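# Fold and contact review
Residues per chain are reported as follows:
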Amino acid sequence: MTAPGRLTRLALALLPLVVIGTWAALDRQAWHDGAVQLGDADPRWLLAGVLFTLLGWVVAACIRQGALPERLPPGLLLASQLAAGAANLVLPSSLGAHAVTLRFLLGRGIPLARATASLALYSLVKPVARIPVLVFFLLALEDTRRLGGLAPDRRTLLLAGGSVALGLTIAVLLLTIVRSLRRPVVDLVRTALTDVRILHTRPSRVLALWGGSAVAPLLQGSTIAAVGFSLGLPLSWAQVVFALLIASTAVGAVPAPGGIGPVDAAMVFTMVSLGAPAGLSTATVIGYRVLTAWIPLLPGTLILSALVHRKVL
């Protein structure tokens, strides 16, 4: 490798650490508030939250594997998901996680069309699999009418519908006008349809893809519930998981890094609507972010840099 190439790879390996260090310095108040709240928490429940967080990464790796016919090395796949979690906190709308995963798949010899189709399938199945889980909790809980404030109004629905229609129109126009885009898009769609048919003939892939996508929000909600219980949150596990499902469904499409911000505010609102004190709900969400975002951030960033350095990414 030439000297410029070595310098470029070194810069890419160190860039995540620089970005994370800068972000940590700018958002040090969140570190302080979360540390204070977790300092008074029940360590047994926090340990349970850590366990649910670790299981969530394993499930994420299973979903990634379920969206691809080729078998991936389990250890490197899990490491790539830890690195993707760190990258996901830097870029909005899961762009960081998808970029890391795409690099990983290409490094494993997966063709670009198949790797991109895998990411698209992953992104599509996760919200679809969440719907029956949400419906189950909606029917299981007795009083959910108090959460009507999270329902979008007519103006918001019209804006969302118009945005989708505009996006589809632009995509069609681009494919019509720019001929060089047609072949890659057609290849991507053909590959995606072929892979979907192949994957759904393999029970192990179906279980990993759809089962993992349904279990993922339950594990995430269990982590929040564990943090809440450690602080004395007066809600049941089902109520906390339902609050997460409602919050992520209502504002999950807002392009924020890792969903931090809009989803957090919606989580606090839903938990308060279900009867929890506002201060305790806020402390639960802050503690949850410290446990699942800030604490794993350094090891995830180190893994990301190591994978770049070793040319896995």
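Residues numbered from 1 in each chain as written. Predicted model: local features only at pLDDT ≥ 70, side-chain atom pairs only at ≥ 80, totals over all residues. Heavy atoms only, no water.

With 15 residues, helix H4 (residues 74-88) should reach 21 Å at 1.5 Å per residue; the first-to-last C-alpha distance of 21 Å fits that figure. Among the residues of H4, Leu77, Ala79, Ser80, Gln81, Ala83, Ala84, Ala86, Ala87 and Asn88 are the ones counted as buried. (Helix = DSSP H or I, 4+ residues; strand = E, 2+ residues; numbered from the N terminus. Expected span 1.5 Å × (residues − 1). Buried < 20%, exposed > 50% of the residue type's maximum accessible area, 1.4 Å probe, protein only.)

Take the packing of helix H3 (residues 43-66) against helix H9 (residues 203-231) next. It is at 8 Å that the axes of H3 and H9 come closest, and there the two elements cross at 160°. By the angle between their axes, H3 is roughly antiparallel relative to H9. Between H3 and H9 the crossing geometry is left-handed. Residues belonging to the contact of H3 with H9 are distributed by class as follows: 16 nonpolar, ten polar and one charged. (Axes fitted to C-alpha atoms, helices over the stretch in contact; angles between N-to-C directions. Parallel < 35°, antiparallel > 145°, perpendicular 65-115°, else oblique. Left-handed = near helix turned anticlockwise from the far one by under 90°. Nonpolar A, V, L, I, M, F, W, Y, C, P; charged D, E, K, R; others polar.)

Below, the discussion takes up the confidence of the model for the protein. For any part of a model where pLDDT is low, the fine detail of the predicted coordinates should not be relied upon. Taken residue by residue, the protein gives an average pLDDT of 78. The fraction at 70 or more is 71%. Across the protein, the element-wise mean pLDDT spans from 52 in helix H1 (residues 3-26) up to 93 in H9. (pLDDT = per-residue confidence, 0-100.)

According to the stated counting rule, one finds three aromatic pairs in the structure shown. Summarising the aromatic geometry, the rings of Trp45 and Phe229 are spaced 5.0 Å apart at their centres and angled 70° between planes, so their arrangement reads as edge-to-face. With a gap of 184 residues between them, Trp45 in helix H3 and Phe229 in helix H9 connect regions that are remote in the sequence. Look at Trp45 and you get partly exposed, because its relative accessible area is 36%. Residue class for Phe229 comes out partly exposed when judged on its relative accessible area of 24%. Between Phe136 and Phe137 the ring centres are 5.6 Å apart and the planes differ by 90°, which places this aromatic pair in the edge-to-face class. A network of ring pairs unites the aromatic residues Phe136, Phe137 and Trp237 as a single cluster. (Phe/Tyr/Trp six-rings, centres within 6.5 Å; stacked < 30°, edge-to-face > 60°.)

With that settled, consider the side chain of Thr191. Tracing the sequence through the fold places Thr191 in helix H8 (residues 182-199). Among the residues examined, Thr191 registers a relative accessible area of 19% and is labelled buried. Contacts of Thr191, omitting those with residues within four sequence positions, involve Ala113, Arg114 and Ala117. (Contact = heavy atoms within 4.5 Å.)

Attention now moves to the packing of H3 against H4. Remark: H3 packs on H4, axes separated minimally by 9 Å, with the N-to-C direction vectors making an angle of 115°. It follows from the interaxial angle that H3 and H4 lie roughly perpendicular. Crossing geometry of H3 relative to H4 is assigned as right-handed. Along its contact with H3, which presents Trp57, Val58, Ala60, Ala61, Arg64 and Gln65, the element H4 presents Leu77, Leu78, Gln81 and Leu82. Taken together, the residues of the contact of H3 with H4 sort by class into seven nonpolar, two polar and one charged.

Moving on: the environment of Pro74. With respect to the helices and strands, the residue Pro74 is situated in helix H4. Taking the C-alpha atoms as reference, Pro74 lies 8.0 Å from Ala61; in sequence the two are 13 residues apart.

A few words now on the pattern of salt bridges. A full pass over the atoms with the stated rule returns three salt bridges. Residue Arg114 is joined to Glu70 by a salt bridge in which the shortest nitrogen-to-oxygen separation is 2.6 Å. Of this pair, Arg114 sits in helix H6 (residues 112-140) while Glu70 sits in the loop between H3 and H4, placing them 44 residues apart in sequence. Residue Asp195 is joined to Arg114 by a salt bridge in which the shortest nitrogen-to-oxygen separation is 2.7 Å. (Salt bridge = Lys/Arg side-chain N within 4 Å of Asp/Glu carboxyl O.)

With 19 residues, the main nonpolar core has Leu72, Val100, Phe104, Leu105, Leu304, Leu307 and Leu313 as its most contacted residues. Contributing elements (two or more residues each) for this core: H4, helix H5 (95-107) and helix H12 (278-309). Every residue in contact with Phe104, bar those within four places of it in the chain, is listed here: Leu72, Leu76, Leu77, Ser80, Val312 and Leu313. Residues Ile224, Leu235, Leu274 and Ala276 belong to the second largest nonpolar core, which totals 17 residues. (Core = buried A, V, L, I, M, F, W, Y, C linked by side-chain atoms within 4.5 Å.)

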